[in-house]
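Spelled out, the chains give:
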Amino acid sequence: MINLPIIIVVLLGIGAMMVAALAYAFYRDPEKGMAQATHRPEQLPLVMVDRYIAVALIQVGLIFFGNLEMVAVFCVAGAVMGLGDGLIYHRAGFPHIKHTSTGVLSLMGLMITLYYLAAG
């Protein structure tokens, strides 16, 4: 584990718990989840702009400051998002290939990253 100041570890842990609680709220009752997160459906396209910019910034940050372990974590997160979204859209009968492909590409990135981790 990376040697981080304890306050950073605590804040990251609190942030992770808050995000997990919101994910559970959306899973349990999407309308209550939207209310708890104070999201408005009509604003979600603009919210997605922020999300995609944030993911791109994380990727650029990984290029300049990351290590293979964090790239692996990012690839797992990408696989969860891509495959999860693909499954949601597939079950609803909508086109899903872009989402599913993103998940598959993330898994391929994970395999490449794990290879380099194992190779040392």
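As the structure is a prediction and not an experimental result, all values here were calculated from the model.

Rules of the game
- Counting restarts for each chain: residues are numbered from 1 in the order of the written sequence.
- Given that this is a predicted model, residues contribute local features only at a pLDDT of at least 70 and side-chain atom pairs are listed and counted only at 80 or more, while totals for whole chains, interfaces and linings are drawn from all residues.
- The side-chain values count all of the structure's non-hydrogen atoms but skip hydrogen atoms and water molecules.
- The salt bridge criterion pairs a side-chain nitrogen of Lys or Arg with a carboxyl oxygen of Asp or Glu, the two atoms within 4 Å.
- By definition, any uninterrupted DSSP run of H or I lasting at least four residues is a helix, any uninterrupted run of E lasting at least two residues is a strand, and each is numbered from the N terminus.
- Residues count as neighbours in contact if any of their non-hydrogen atoms are within 4.5 Å of one another.
- Exposure above 30% relative accessible area and the lack of any salt bridge qualify a residue for a patch; like charges then connect within 9 Å, and the nonpolar side chains Val, Leu, Ile, Met, Phe, Trp and Tyr within 5 Å.
- For accessible areas, the Shrake-Rupley method is used with a probe of radius 1.4 Å. Any residue's cover is judged against the shown protein chains and nothing else.
- Exposure categories follow from relative accessible area, calculated using a 1.4 Å probe and restricted to protein chains: below 20% of the type maximum is buried, above 50% is exposed, and the middle band is partly exposed.
- Orientation is described by axes fitted as lines to C-alpha atoms, over the contacting stretch for helices, and by angles from 0 to 180 degrees between their N-to-C directions.
- Throughout this description, any angle smaller than 35 degrees is read as roughly parallel, any larger than 145 degrees as roughly antiparallel, any in the 65 to 115 degree range as roughly perpendicular, and the remainder as oblique.
- Crossing handedness is read from the near helix: turned anticlockwise from the far helix by less than a right angle, it gives a left-handed crossing, and turned clockwise, a right-handed one.
- Polar here means any residue other than Ala, Val, Leu, Ile, Met, Phe, Trp, Tyr, Cys and Pro, which are nonpolar, and Asp, Glu, Lys and Arg, which are charged; Gly is therefore polar.

*Asks:* What should I look at first to understand the pattern of salt bridges in this one?
*Replies:* A pair can form between side chains of opposite charge whenever their charged atoms are brought close. Taken as a whole, this structure holds 1 salt bridge when the rule is applied. The partner of Arg40 in a salt bridge is Glu42, with the nearest N and O atoms 3.2 Å apart.

*Asks:* Help me understand the side chain of Ser106, please; the structure alone is not making it clear to me.
*Replies:* One can find Ser106 in helix H5 (residues 97–119). Apart from the residues within four sequence positions on either side, Ser106 is in contact with Cys75, Gly78 and Ala79.

*Asks:* Where do I start with a nonpolar patch on the surface in this structure?
*Replies:* A surface patch of nonpolar side chains, about 1,100 Å² in accessible area, is lined by Ile2, Leu4, Ile6, Ile7, Ile8, Val9, Val10, Leu11, Leu12, Ile14, Met17 and Met18. The residue Val9 is located in helix H1 (residues 6–28) in this model. Exposure remark for Val9: the relative accessible area of 36% places this residue in the partly exposed category.

*Asks:* Would you explain the packing of helix H4 (residues 68–91) against H5 in this entry?
*Replies:* Each packed pair of helices is defined by two parameters, the angle between the axes and the distance between the axes. Remark: H4 packs on H5, axes separated minimally by 7 Å, with the N-to-C direction vectors making an angle of 160 degrees. Considered as vectors, H4 and H5 are oriented roughly antiparallel to each other. Crossing angle aside, the handedness with which H4 passes H5 is left-handed. When the residues that make up the contact of H4 with H5 are grouped by side-chain class, the tally is 13 nonpolar, 10 polar and 2 charged.

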